[in-house]
Amino acid sequence: FLDTCTRAQATTLSVRELLHIADIPRVIDYISVSARGLGMRILEGFPWEAHCVRLWTVEVARDQPMAAEELALLRARGCLAAVKGPELFADCPCGGFAAAPTPGVAEEGGVGGSQEHSASTGAAVEAAPPGR
């Protein structure tokens, strides 16, 4: 079977790297994670100290339809979260978050500190900057 597959090389980024490169604001209105059951890995790797997301949609793993770990992580961050069908929905508070400076970013806009690197999860992540 593997002999018939086409091999390809791909460059991958962590969510942290993507948000930094795209210069995404600290408060994000909406992120949709379509990760074929790898939503928990995305949530665990999210730079919570640097960004807040008001609304999340996360694809739920088929073998864990209740998404207990994802729900616990989001609820621990003050989010209202529920699973409906194959997706988890969360509404998170970001009050006061936008006023604080981004950790590791100098006033001139330069970046300090180390960057985190991670392997690809094959996930699709969409982010929307604040529009409210």
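Residues numbered from 1 in each chain as written. Predicted model: local features only at pLDDT ≥ 70, side-chain atom pairs only at ≥ 80, totals over all residues. Heavy atoms only, no water.

## Section: a nonpolar patch on the surface
Quick note on the threshold: The patches reported here contain residues having more than 30% relative accessible area and no salt bridge. Joining distances are 9 Å for like charges and 5 Å for nonpolar side chains (Val, Leu, Ile, Met, Phe, Trp, Tyr). Here the open area of atoms and residues is found with the Shrake-Rupley method and a 1.4 Å probe, where only the protein chains shown may cover a residue. Only one rule defines a salt bridge in this text: a Lys or Arg side-chain nitrogen within 4 Å of an Asp or Glu carboxyl oxygen. A helix here means a DSSP run of H or I that spans at least four residues, while a strand means a run of E at least two residues long, and both kinds are numbered starting from the N terminus. Buried means the residue's accessible area, taken with a 1.4 Å probe over protein chains only, is under 20% of the maximum for its type, while exposed means over 50%, and partly exposed covers the values in between.
Taken together, the side chains of L13, L18 and I21 define a hydrophobic patch exposed on the protein surface, amounting to about 280 Å² of accessible area. Residue placement: I21 occurs in helix α1 (residues 15-21). A relative accessible area of 60% means that I21 is categorised as exposed.

## Here we look at the confidence of the model for the protein chain
Regions with low pLDDT should not have their predicted coordinates read in detail. The following threshold applies: The score called pLDDT rates the predictor's confidence residue by residue, from a low of 0 to a high of 100.
The predicted model of the protein chain has a mean per-residue pLDDT of 77, with 71% of residues at 70 or higher. Averaged pLDDT values for the elements of the protein chain fall to 52 in strand β5 (residues 124-128) and rise to 96 in strand β2 (residues 52-59).

## Describing the state of the cysteines
For clarity, the cut-off: Here, a disulfide means two cysteine sulfur atoms that sit within 2.5 Å of each other.
Throughout the structure, instances matching the rule amount to two disulfides. With its sulfur 2.0 Å from that of its partner, C52 forms a disulfide with C94. Taking the torsion about the sulfur-sulfur bond, which here is approximately -85°, the covalent link between C52 and C94 counts as left-handed. Linking C52 in strand β2 with C94 in the loop between β4 (87-91) and β5, this pair joins segments that are 42 residues apart in sequence. Since its relative accessible area comes to 12%, C94 is described here as buried. For C79, the disulfide goes to C92, at an S-S distance of 2.1 Å. Sign of the S-S torsion, about 110° for the bond between C79 and C92, identifies this disulfide as right-handed. Remark: C92 occurs in the loop between β4 and β5 and C79 occurs in the loop between α3 (68-76) and β3 (80-84); sequence separation between them is 13 residues.

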